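Commentary on secondary and tertiary structure
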Amino acid sequence: MARPILLAVDDDTSVLEAVVQDLRRQYGATYRVMRAASGQAALDTLDQLKARQEPVALILSDQRMPGIAGVEFLERARTIYPDAKRVLLTAYADTEAAIRAINTARIHYYLNKPWDPPEEKLYPVLTDLLDDWNAGYQPPFEGLRVIGHRWSLNDHKVRSFLSRNQVPYRWLDVAASPDTLKLLTDRQLNPDQLPVVLFADGTWLVDPDVESLAGRVGLSTQATQEFYDLVVVGAGPAGLAAAVYGASEGLRTLVIEPEAPGGQAGSTSRIENYLGFPSGITGADLGRRAHAQASRFGSEFLTQRATGLRIDGQYRFVQLADGQEVSSHAVLLSTGVHYRKLDIPGADRLTGRGIYYGAALVEAAACKDEEVFVVGGANSAGQAALHFARFACKVTMLVRGPGLAATMSKYLIDEIERTSNIVLEAKTQVLEAIGEERLEGLKLLGPQGATTVPASSLFVFIGAAPGTDWLPKSLLRDDQGFLLAGPQLRTDGKLPEIWKEPREPFLLESSVPGVFVAGDIRHGSVKRVASAVGEGSIAVQFVHQYLAGF
Ligand SMILES: Cc1cc2nc3c(=O)[nH]c(=O)nc-3n(C[C@H](O)[C@H](O)[C@H](O)COP(=O)(O)OP(=O)(O)OC[C@H]3O[C@@H](n4cnc5c(N)ncnc54)[C@H](O)[C@@H]3O)c2cc1C
């Protein structure tokens, strides 16, 4: 944390030097001592300090200075730093003026020159004033500040990225306070440019993409090595397990993940059925622990999105969104699934402006005391409903089927029934999302016919599909896009023509030798954290066997 500042102001260089020396000797360990040679220079310094949000504890100014005199300067300084203690240094002849200034300019004290010995004439007064200042001083928040708008998709993306990567930040809603608007106008920015991320060093990014943000918050975006044994694409439970086992067993392992370690599990509120955590574990916590564990063994992580896969003889090249390529002998694809989109009028326009996919935990606090709607009847929807019930005054679950029994685990159904502010609307579907700038209502079709209800938040859990379009056609997949691996590659007992190896594909190997598949992205996988972890772990065994063939 930056030390609070003591600012000394005098046009006489030798006097200024003497004040600064005395201040440093007594207060240098706790405060930063700065100087200015005129009132105007001091005002400029204060403006800059203010823009950087640095705390100023005390301003000590000479009275007789050309240009702006001491009293006038301290009066103007008060508008910049109203809480800083203001002390006037005067010659004996100016004592009367100094006393008057205590009232008119609200200075806190005046000191006569010379102040020798400082132990008697300077420090007692200043220490007293500084104690007083300290009592009312709250250290400023030092992390990032995100200025945004609650009903903005980009704002939601930035906050979600920071939260999931455990980067502390403070969110400032531009609509909530004129001070926030001033933070923008002070930087010649306007609300059309939101979200804006302000950094502690005074710099900022306007509407940043996650790659630029990743670089600024210390996440790695460049590979450190030219070549890896194993590149893992996607750091969900499957990819993280592979990273732990791969690195711990001596493979040079690189993990590529554009969001944050944890995958879908990272966005879920609480996983209650993962072995070894009897009271459940949040997905974010599981992701954080696994990331630390994999890093400890030497896995390297890049905050990047994979956009292509190129095969050249024994080498596999994963192409990244910023144009880089990383090379390896083996690749594990563990990119999971994407949420299925709600196909109704208004849904695209209002995504991120009241309609969210996945649990969107980052929005939970913003829904405090509001009504929240959740669409879907599977476990993920149930978990989200329970999570939001802790913040919202009412959670309405919109379920197409007659109830939850066929689609949701019993322990979740029991908990939902015990939660008084969750209401189930069965046999109900959403027909339309209403609102221009943000979600304002929903048109529903239920047993009683069509109704329109006011709504500001709708969380959607209606299934998921694999995002495998970016992969080459040589990776065989089922008609929904899930990748085939191992024995699944055989049709009518025969391996596909594309498979040219004289051996059988390994259990989790795709139709391209050396490219493995684990977790939700794999055809026929069980969509559970434990099975993704299991697949990621055993895939590493097959990577070893594959590499042994070189
Ligand atoms: C709301 C919800 C609640 C759930 N609750 C439970 C539960 O309680 N218990 C349970 O066992 N299971 C639960 N599941 C299921 C479980 O989360 C998944 O089965 C599991 O996360 C699958 O892991 P994965 O590693 O295969 O994929 P994912 O977890 O989907 O991870 C894939 C990762 O790949 C990344 N990625 C995607 N595309 C790219 C790309 N092009 N380049 C690089 N990286 C990419 C993604 O950002 C993501 O981090 C839940 C799922 C949801 C949605």
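Whatever comes next refers back to the structure up there.
Report on the accompanying structure. A quick note: this is a predicted structure, and the numbers were derived from the prediction, not measured. (Residues numbered from 1 in each chain as written. Predicted model: local features only at pLDDT ≥ 70, side-chain atom pairs only at ≥ 80, totals over all residues. Heavy atoms only, no water.)

This part is about the site of the ligand. Taken together, 32 residues sit near the ligand, with Glu-257, Gln-264, Gln-383, Asp-520 and Val-529 positioned nearest. Within the backbone of Asp-520, an N or O atom sits 2.8 Å from an oxygen atom of the ligand. Taking Val-529, its main chain carries an N or O atom lying 2.8 Å from an oxygen atom of the ligand. Here the ligand, which alone exposes 990 Å², has 94% of that area covered by the protein. Secondary structure elements with two or more residues in the shell around the ligand: α10 (237–248), α11 (263–267), α13 (379–389) and α15 (529–548). Ranked by residue count, the leading element in the shell around the ligand is α11, at 3 residues. Residue composition of the shell around the ligand, grouped by class: 14 nonpolar, 12 polar and 6 charged. (Near = heavy atom within 4 Å. Polar contact = N/O pair within 3.5 Å; in protein donor to acceptor, adjacent residues only side chain to side chain. Areas by Shrake-Rupley, 256 points an atom, 1.4 Å probe, with all protein chains shown as cover. Helix = DSSP H or I, 4+ residues; strand = E, 2+ residues; numbered from the N terminus. Nonpolar A, V, L, I, M, F, W, Y, C, P; charged D, E, K, R; others polar.)

Moving on: the environment of Ile-413. Looking at where Ile-413 falls in the secondary structure, it is placed in helix α14 (residues 410–418). Setting aside anything within four residues of it in sequence, one finds Ile-413 in contact with Leu-404, Ala-405 and Met-408. (Contact = heavy atoms within 4.5 Å.)

Our next topic: the packing of aromatic side chains. Considering all chains together, one arrives at 11 aromatic pairs under this definition. The interplanar angle of 20° and the centroid separation of 6.0 Å between the aromatic rings of Phe-506 and Phe-542 together place this pair among those described as stacked. Separated by 36 residues along the polypeptide, Phe-506 in the loop between β25 (464–465) and β26 (515–517) and Phe-542 in helix α15 bring together distant segments of the chain. Both residues of the pair, Phe-506 and Phe-542, count as buried. Ring plane angle 75° and centroid distance 6.1 Å describe the contact between Phe-516 and Tyr-546, whose orientation is recorded as edge-to-face. (Phe/Tyr/Trp six-rings, centres within 6.5 Å; stacked < 30°, edge-to-face > 60°. Buried < 20%, exposed > 50% of the residue type's maximum accessible area, 1.4 Å probe, protein only.)

Below, the discussion takes up the nonpolar core. Soluble globular proteins: nonpolar side chains tend toward being buried together. Judged by nonpolar contacts, the single largest core of 26 residues is most densely connected at Leu-230, Leu-332, Phe-516 and Val-543. Among the elements of the structure, β10 (227–233), α10, α12 (283–296), β15 (325–333) and α15 are those that each provide at least two residues to this core. Beyond its immediate stretch of four places on either side in the chain, Leu-332 contacts Leu-230, Val-231, Val-232, Val-233, Ala-238, Ala-242, Phe-516, Val-517, Ala-518 and Ala-539. With 25 residues, the next largest nonpolar core counts Val-15, Tyr-31, Val-33 and Val-125 among its residues. (Core = buried A, V, L, I, M, F, W, Y, C linked by side-chain atoms within 4.5 Å.)

With that settled, the discussion passes to the sheet that holds strand β24 (residues 458–460). The strand order β17-β24-β18-β19-β20 describes an open sheet built from 5 strands, whose pairing is parallel. Each having just a single partner strand, β17 (355–357) and β20 (422–425) make up the two edges of the open sheet. Strand-to-strand, the axes of this sheet are offset by a mean angle of 20°, without reference to chain direction. Taken together, the 3 bridges between β17 and β24 define a ladder with parallel strand orientation. (Pairing = 2+ DSSP bridges. Axes fitted to C-alpha atoms, helices over the stretch in contact; angles between N-to-C directions.)

Here we come to helix α7 (residues 153–164). An ideal rise of 1.5 Å per residue puts 16 Å on 12 residues; α7 measures up with 16 Å between its terminal C-alpha atoms. Every buried residue of α7 is listed here: Asp-155, His-156, Val-158, Arg-159, Ser-160, Phe-161 and Leu-162. Here the buried face of α7 lies against β6 (144–148), β7 (169–173), β8 (196–198), α9 (210–216) and β17. Of the residues that open α7, the one with a side-chain oxygen 3.4 Å from the backbone nitrogen of Asn-154 is Ser-152. Just beyond α7, the residue with positive phi is Gln-166, at close to 55°. (Expected span 1.5 Å × (residues − 1).)

So, to be careful, I would describe these as geometric facts and stop short of saying anything about function.
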